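Each chain, written out:
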Amino acid sequence: MPAAHPLTINEQVARELERLKKHLINADRAGADRARQVSFVYRAAESFSRRVFGLSLCRSESEGAGCKTGQCCKCSPDVFAHEKELLDLLPKRSDGSGFCPFFNLKKRNCGIYGVRPFACRIFYNFAPSSYYCQNPTDLTLQLFDGVKRHLEPILGPYLGGYRP
């Protein structure tokens, strides 16, 4: 019997994406309470992140601490209506730096990490170059597109990039 070939990074990520989708499809198991469903969705994203982080370029940027460049934060984070409502309540920068309004420029990290949007929770660079931190590969884009419709019943309509 031939030995099974190891899965490529794309195959591993695709497998984890399917696993994430199954969790999101079953989010109603958390009950009818919206807050419980939101918590369930974010926990599923965190679980996904733990499983794929080691496959990403992000893991190599800073030993044990993940990426410190913030290159993926040079954008407006993708948000759903429920997330925008929360983000609108938080203090934000408006300095024209090109970074997310919640990115801490001095510390070079997310200033709202605990309440960051779903898209930020699953965004990783699975390519071999940091070029793709700001220019997502098809795989990275497929991650979000693959789960968006499963999130809208819980997080509300998808609104695109956050605008205060």
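Quick note: structure is the one above.
Attention here is on the structure that accompanies the text.

About the cut-offs
Residues numbered from 1 in each chain as written. Predicted model: local features only at pLDDT ≥ 70, side-chain atom pairs only at ≥ 80, totals over all residues. Heavy atoms only, no water. Core = buried A, V, L, I, M, F, W, Y, C linked by side-chain atoms within 4.5 Å. Buried < 20%, exposed > 50% of the residue type's maximum accessible area, 1.4 Å probe, protein only. Helix = DSSP H or I, 4+ residues; strand = E, 2+ residues; numbered from the N terminus. Contact = heavy atoms within 4.5 Å. Salt bridge = Lys/Arg side-chain N within 4 Å of Asp/Glu carboxyl O. Expected span 1.5 Å × (residues − 1). Axes fitted to C-alpha atoms, helices over the stretch in contact; angles between N-to-C directions. Parallel < 35°, antiparallel > 145°, perpendicular 65-115°, else oblique. Left-handed = near helix turned anticlockwise from the far one by under 90°. Bend = angle between axes of the 7 residues up to and from the residue.

**Here we look at the nonpolar core**
Now for step 1: The biggest cluster of nonpolar side chains holds 29 residues, and the ones touching the most others in it are Val41, Phe118, Ile122 and Leu155.
Now for step 2: Those elements that place two or more of their residues in this core are helix 1 (9–25), helix 2 (34–52), helix 4 (118–122) and helix 5 (138–155).
Now for step 3: Sort the elements by how many residues they give to this core and helix 2 lands first, with eight residues.
Now for step 4: Residues within four places of Val41 in sequence aside, it is in contact with Leu24, Ala27, Phe118, Leu151, Ile154 and Leu155.

**Points about the pattern of salt bridges**
Now for step 1: Summed over all chains, the structure comprises eight salt bridges.
Now for step 2: Note that Arg116 and Glu46 form a salt bridge whose closest N and O atoms lie 2.8 Å from each other. Within this pair, whereas Arg116 is found in the loop between strand 3 (109–110) and helix 4, its partner Glu46 is found in helix 2, the two being separated by 70 residues in sequence.
Now for step 3: On the basis of relative accessibility, which here comes to 6%, the residue Arg116 falls in the buried class.
Now for step 4: One salt bridge connects Asp145 with Lys148, and the closest N-O pair in it is separated by 3.3 Å. Note that Asp145 and Lys148 are positioned in helix 5 at a spacing of three residues, about one turn of the helix.
Now for step 5: Put simply, Glu16, Arg19 and Arg51 are held in one network by salt bridges that share partners.

**Some details on helix 2**
Since the α-helix turns once every 3.6 residues, residues separated by three or four places project in the same direction.
Now for step 1: Between the first and last C-alpha of helix 2 there are 27 Å, a value that for 19 residues agrees with the 27 Å anticipated at 1.5 Å per step.
Now for step 2: Within helix 2 the residues assigned to the buried category are Gln37, Val38, Phe40, Val41, Tyr42, Ala44, Ala45, Phe48, Ser49 and Val52.
Now for step 3: Looking at the packing, one finds that the buried side of helix 2 touches helix 1, helix 3 (81–89), helix 4 and helix 5.

**With respect to the packing of helix 1 against helix 2**
Now for step 1: Between helix 1 and helix 2, the shortest axis-to-axis distance is 10 Å and the interhelical angle comes to 165°. Judged by the inter-axis angle, helix 1 sits roughly antiparallel to helix 2. Relative to helix 2, the crossing made by helix 1 is right-handed. Between helix 1, through Glu16, Leu17, Arg19, Leu20, His23 and Leu24, and helix 2, the contact on the second element is made entirely by Phe40, Val41, Ala44, Ala45, Phe48, Arg51 and Val52.

**Quick word on the side chain of Gln37**
Now for step 1: Residue placement: Gln37 occurs in helix 2.
Now for step 2: Apart from the residues within four sequence positions on either side, Gln37 is in contact with Ala27, Asp28, Ala30, Gly31, Ala32 and Ile154.

**Some thoughts on helix 5**
Now for step 1: The end-to-end C-alpha distance of helix 5 is 24 Å, a good match for the 26 Å that 18 residues give at a rise of 1.5 Å each.
Now for step 2: Within helix 5, the axis deviates most sharply at Arg149, by approximately 50°, and proline Pro153 lies no more than four positions further along.
Now for step 3: If you check which residues of helix 5 are buried, you get Leu139, Thr140, Leu143, Phe144, Gly146, Val147, Lys148, His150, Leu151, Ile154 and Leu155.
Now for step 4: Looking at the buried residues of helix 5, the elements they touch are helix 1, helix 2, strand 1 (78–80), helix 3, helix 4 and strand 4 (158–161).
Now for step 5: Note on helix 5: the residue one or two positions beyond its end, Gly156, has a positive phi of about 85°.

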